[in-house]
2 protein chains.
Amino acid sequence: MKLYKLNNVKETELHTILQRVKSNSNVIRDRVEDILDNVQKNGISAVVKYSKQYEGLNSDNLLVTVKEFKEAEKRVSEEFKVALQKAATNIEKFHSMQKPGEYTTEIIPGVTCGRKYEALEKVGLYIPGGTAPLVSTVLMLGIPAKIAGCKDVTICTPASQGKVSPELLYAISYTGYNKVYKTGGAQAIALMAYIEKVNKIFGPGNRYVTTAKSLINSQESNCTIDMPAGPSEVLVIADSSANPVFVAADLLSQLEHGTDSQAVLVTDSEQIISDVKSEIIRQKEYLSRTEIVNDSLENLILIKVNDTDTAIELSNYYAPEHLIINTENAEQLFDKVRNTGSLFLGAWSPESAGDYASGTNHTLPTSGYSKVYSGLGTEAFMRSYTWQKISENGLSELANPILNLAEVEGLDAHANAVKVRLQNGN
Amino acid sequence: MKLYKLNNVKETELHTILQRVKSNSNVIRDRVEDILDNVQKNGISAVVKYSKQYEGLNSDNLLVTVKEFKEAEKRVSEEFKVALQKAATNIEKFHSMQKPGEYTTEIIPGVTCGRKYEALEKVGLYIPGGTAPLVSTVLMLGIPAKIAGCKDVTICTPASQGKVSPELLYAISYTGYNKVYKTGGAQAIALMAYIEKVNKIFGPGNRYVTTAKSLINSQESNCTIDMPAGPSEVLVIADSSANPVFVAADLLSQLEHGTDSQAVLVTDSEQIISDVKSEIIRQKEYLSRTEIVNDSLENLILIKVNDTDTAIELSNYYAPEHLIINTENAEQLFDKVRNTGSLFLGAWSPESAGDYASGTNHTLPTSGYSKVYSGLGTEAFMRSYTWQKISENGLSELANPILNLAEVEGLDAHANAVKVRLQNGN
């Protein structure tokens, strides 16, 4: 834990205090480049080789079979099915409102323009598996893909000794997709990009996965990625009205993600800082991922400021992936929020709600990228093109601006395409 | 020109026939890396140095002054002002319909979620200048930025001997922005990223500019770019009803852009191919950019297919930046179009209309990227965040899915953030 008291906010000081956890590694990058090259050259056999080596795959078949899906359905509990369905219903409701609107408009008589949306044709979803099968990520990626209308969807998830968690397989079935490869890491990303030739790869992962995604994205191919990834993070703004038990629990729920997770508390109350510290010590003892939390507690930053307006200013500078505003005046502060991936308002809105079940997406921009990127939405599974239909009269009306601007730009073949029409037209 | 006759469409064959013009250059990349490093280290003085060296800048002041804007307004013709205003009005009308909709919805009682959009805070626009001042690009970038609500906008444009074209300055004034640096090339991109610290850089440019943008985009900073850039391209589908004079003019208007521009004609009529060839020879003689066209004619591909449905199939494979459908059945083919940046329907819709004045944007995905990216729209100048406000009762309702899914994922601190609330709640 690091503790700071700020009387006024200077950008240079914030720059130092609010540094992200750095995680550059040339070793990982070199290793990932090898894997990508190898899969590009040798295809599926290279993927199988890596999966045998790293994940204990025990056959040459990477694809999950219909039988495996059926077995998974038998093995999951009824409670899980109900829980999954409740979460999925909320996520579906929220993401159905994100389908972008097509439109057609007559700009001037004879000139009709419009915009049309198409689902991405081939997409790849990466779902972390192993000891922590991220069933929630299946919903967060699979549901918007479905709403967008994506038909050809490839899913990769690492299997331990050839087995994928039944809950994960059940969740995948639930979204309606079924092309699932049992492979993880950089080789899974290579499979989606080079063998399945998907247009876009979505999903979180460890450093091998995110490095592979970033390398694929910088290659000159038609494969891109959802967004750059960094460690998960939360910033909590709390005032003296906040319950320190809740605040500590929210910070801990972030810190359990990984040793590089970051959590920031900004408050105008000294009391809250000291109470939250004690609560963290108390609560972490009965939680299971103590080892990770003990490490990531190093990345907990506690900041005392003079007022909640300053707290918002600081948060806008940091641009947190998740922002929890646990203050009496949460509604007023809402208007001042600019940069965050997802905002949680008031004492009863923990980040876990958005991570799993309230309906919003949990795939969000980290590392300050919310200044530029939006969190994942249905539109990320689509792309648009514009179109126009012009009549002879419409083109006559446009001739003046086209010919004039083309002349200024020195592009007379552009002007010519209009002139020949108006001269040769009947 | 290259001529092909295809009786059936095989993907491997298309892959060979429809190759893009390659333009990788490690020399350019190394040079650009030097420039970026130098500006990052030495700031504005490095930019001034490069602008003096490459563009004949004759002072240490890069910023366009109020006086220069006033002089520009006096020097441009009344006809130009009228033409610009007509084009701008159409572009404004089309892009005003692209502001993405915010929404708020009650997912279940006590759980309210929404999505909020914010303009990007700092954006950079690159406008090619020099011999071909791209006034149309000022409108295509400046107008959507304005509609999105961007306030801090930095514009860079190369000046020859310290002078920027008056038409360009007038167009910039027209959009309401006025922070204009007289510098181009990689140093301009470095200025926007490192000195102005913009969040996103928009606009076309030569290889130095696009290489700089791509390098900036792959760096771990909060600066991103509009889209990857390649040479401009058009695909024209024509049947025997098409006027070869129009078709030739459309192909030439693309080929005059640069020696690496590509144009493809796909037709079911042998007659059209031979007539268009003659027309190209005839028309290019009276156009001014003959040297460029003579070179880029190498990149003209003429393809005879059996029917227009096959032509569309081929176009969807190629995914052209611009697609012109000049056939009798253009409206029916429209439904089959999937991959393109912008579509022009019928004999009276030349690409020049969309390049300048009909209202659609001319910043479009090249090199097959329309399979993944949309053409530039107002939403590219914005980003969104989601938010939620949950009541105590709402959280009780969500507890079942949250606790269940968190347990499956082995994240008990996530569950704990809900449990402590439901236990400690009054």
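Everything here concerns the structure above.
Residues numbered from 1 in each chain as written. Chains lettered and ligands numbered in written order. Predicted model: local features only at pLDDT ≥ 70, side-chain atom pairs only at ≥ 80, totals over all residues. Heavy atoms only, no water.

## Section: the overall build of chain A
Turning to step 1, where the next piece is worked out: In terms of helices and strands, chain A carries 17 helices and 14 strands.
Turning to step 2, where the next piece is worked out: Counting only C-alpha atoms, chain A reaches 85 × 60 × 45 Å along its principal axes.
Turning to step 3, where the next piece is worked out: Counting all 426 residues of chain A, 61% fall into the buried class.
Turning to step 4, where the next piece is worked out: Accessible surface, chain A as shown: approximately 16100 Å² in total, 46% of it carbon and sulfur.
Turning to step 5, where the next piece is worked out: Averaging the coordinates of the 42 positive side-chain charges in chain A and doing the same for the 51 negative ones gives two points 7 Å apart. (Helix = DSSP H or I, 4+ residues; strand = E, 2+ residues; numbered from the N terminus. Buried < 20%, exposed > 50% of the residue type's maximum accessible area, 1.4 Å probe, protein only. Areas by Shrake-Rupley, 256 points an atom, 1.4 Å probe, with all protein chains shown as cover. Lys, Arg positive; Asp, Glu negative; His and termini not counted. Charge placed at Lys NZ, Arg CZ, Asp CG, Glu CD.)

## Things to note about the environment of N61 of chain B
Residues and elements named next belong to chain B.
Turning to step 1, where the next piece is worked out: Among the structural elements, N61 can be located in the loop between α3 (44-55) and α4 (66-75).
Turning to step 2, where the next piece is worked out: The partly exposed category is assigned to N61, whose relative accessible area is 38%.
Turning to step 3, where the next piece is worked out: Of note is the side chain of N61, whose polar atom sits 3.2 Å from the backbone nitrogen of L63. (Polar contact = N/O pair within 3.5 Å; in protein donor to acceptor, adjacent residues only side chain to side chain.)

## Some remarks on the packing of helix α16 (residues 392-409) of chain A against helix α5 (residues 78-96) of chain B
Turning to step 1, where the next piece is worked out: Between α16 of chain A and α5 of chain B, the shortest axis-to-axis distance is 8 Å and the interhelical angle comes to 115°. You can see that α16 of chain A and α5 of chain B cross each other, and the crossing is left-handed. Taken together, the residues of α5 of chain B that come into contact with α16 of chain A (itself represented by L398, N400, P401, N404, L405 and V408 of chain A) are E79, F80, A83, L84, K86, A87 and N90 of chain B.
Turning to step 2, where the next piece is worked out: Partitioning the contact of α16 of chain A with α5 of chain B into residue classes produces eight nonpolar, three polar and two charged. (Axes fitted to C-alpha atoms, helices over the stretch in contact; angles between N-to-C directions. Left-handed = near helix turned anticlockwise from the far one by under 90°. Contact = heavy atoms within 4.5 Å. Nonpolar A, V, L, I, M, F, W, Y, C, P; charged D, E, K, R; others polar.)

## Details of the environment of N7 of chain B
All names here are of chain B.
Turning to step 1, where the next piece is worked out: Structurally, N7 is set in the loop between β1 (2-5) and α1 (11-17).
Turning to step 2, where the next piece is worked out: Given a relative accessible area of 66%, N7 falls into the exposed group.
Turning to step 3, where the next piece is worked out: For N7 and A353, which are 346 residues apart along the polypeptide, the C-alpha to C-alpha distance reads 34 Å.

## Things to note about the relation of the copies chain B and chain A
Turning to step 1, where the next piece is worked out: Each copy of the sequence occupies a distinct position, and chain B is placed on chain A by a rotation of 180° and an axial shift of 0.0 Å, giving an RMSD of 0.0 Å. In short, the pair behaves as if placed about a two-fold rotation axis. If distances are taken from each C-alpha of chain B to the rotation axis, the shortest is found for S218 of chain B, at 3.4 Å.
Turning to step 2, where the next piece is worked out: Take the interface residues of chain B: 98% of them recur as interface residues in chain A, which is what a same-surface contact looks like. (Least-squares fit on C-alpha atoms with pLDDT ≥ 70 in both.)

## Description of helix α11 (residues 270-285) of chain B
Turning to step 1, where the next piece is worked out: With 16 residues, α11 of chain B ought to run about 22 Å at 1.5 Å a step, and its terminal C-alpha atoms sit 24 Å apart, in line with that.
Turning to step 2, where the next piece is worked out: For α11 of chain B, the N-terminal cap is S269 of chain B; the gap from its side-chain oxygen to the backbone nitrogen of Q271 of chain B is 3.3 Å. (Expected span 1.5 Å × (residues − 1).)

## Points about the pattern of salt bridges
A pair can form between side chains of opposite charge whenever their charged atoms are brought close.
Turning to step 1, where the next piece is worked out: Applying the stated criterion across every chain, the model contains 40 salt bridges over all chains.
Turning to step 2, where the next piece is worked out: Residue R338 of chain B pairs with E121 of chain A through a salt bridge whose shortest N-O separation is 2.3 Å. Taken as a pair, R338 of chain B in the loop between α14 (330-334) and β13 (342-345) and E121 of chain A in the loop between β3 (111-119) and β4 (122-126) lie in two separate chains rather than in one.
Turning to step 3, where the next piece is worked out: Here R338 of chain B falls in the partly exposed class, since its relative accessible area comes to 35%.
Turning to step 4, where the next piece is worked out: A residue is classified by how much of its surface remains accessible, and E121 of chain A, at 29% relative accessible area, is partly exposed.
Turning to step 5, where the next piece is worked out: Put simply, R115 of chain B and E379 of chain A hold a salt bridge, and the shortest N to O gap is 2.8 Å. You can see R115 of chain B sitting in strand β3 (residues 111-119) and its partner E379 of chain A sitting in the loop between α15 (351-356) and β14 (382-390), one on each of two chains.
Turning to step 6, where the next piece is worked out: The partly exposed category is assigned to E379 of chain A, whose relative accessible area is 26%.
Turning to step 7, where the next piece is worked out: Each of the salt bridges in this network shares a partner with another, and the network as a whole consists of K122, D152, K179 and E196 of chain A. (Salt bridge = Lys/Arg side-chain N within 4 Å of Asp/Glu carboxyl O.)

## Some words on the nonpolar core
Turning to step 1, where the next piece is worked out: Counting residues in each nonpolar core, the largest one holds 67 residues, and the members touching the most others are F80, L125, C150, I155, F202 and F381 of chain A together with I402 of chain B.
Turning to step 2, where the next piece is worked out: The biggest single contributor to this core is helix α6 (residues 135-148) of chain A, with nine residues.
Turning to step 3, where the next piece is worked out: Residues within four places of C150 of chain A in sequence aside, it is in contact with A119, L120, V123, A145, Y177 and F381 of chain A.
Turning to step 4, where the next piece is worked out: Counting 66 residues, the second largest nonpolar core, distinct from the first, contains Y103 of chain A together with V76, V123 and A249 of chain B. (Core = buried A, V, L, I, M, F, W, Y, C linked by side-chain atoms within 4.5 Å.)

## Focus: the packing of helix α2 (residues 26-42) of chain A against helix α8 (residues 185-195) of chain A
Residues and elements named next belong to chain A.
Turning to step 1, where the next piece is worked out: The geometry of α2 relative to α8 is characterised by a closest axis approach of 9 Å and an angle of 40° between their N-to-C directions. For the element pair α2 / α8, the angle class is oblique. Read as a crossing pair, α2 and α8 show a hand that is right-handed. Residue-level contacts link V32, I35, L36, V39 and Q40 of α2 to A186, Q187, A190, L191, Y194 and I195 of α8.
Turning to step 2, where the next piece is worked out: The class makeup of the residues in the contact of α2 with α8 is nine nonpolar, two polar and no charged. (Parallel < 35°, antiparallel > 145°, perpendicular 65-115°, else oblique.)

## So, the sheet that holds β13 of chain B
Turning to step 1, where the next piece is worked out: Strand order in this open sheet of nine strands is β2(A)-β3(A)-β14(A)-β13(B)-β12(B)-β9(B)-β10(B)-β11(B)-β1(B), and the pairing throughout is mixed. Where the open sheet ends on each side, the last strands, each with one partner, are β2 (103-108) of chain A together with β1 of chain B. Going across the sheet, the axis of each strand differs from the next one's by a mean of 20°, ignoring polarity.
Turning to step 2, where the next piece is worked out: One ladder, built from five bridges, connects strand β9 (residues 233-238) of chain B with strand β12 (residues 322-326) of chain B; its direction is parallel. (Pairing = 2+ DSSP bridges.)

## A look at the side chain of T210 of chain B
Turning to step 1, where the next piece is worked out: Mapped onto the secondary structure, T210 of chain B falls in helix α9 (residues 207-218).
Turning to step 2, where the next piece is worked out: With sequence-adjacent residues up to four places away left out, T210 of chain B is seen in contact with G205 and A229 of chain B.

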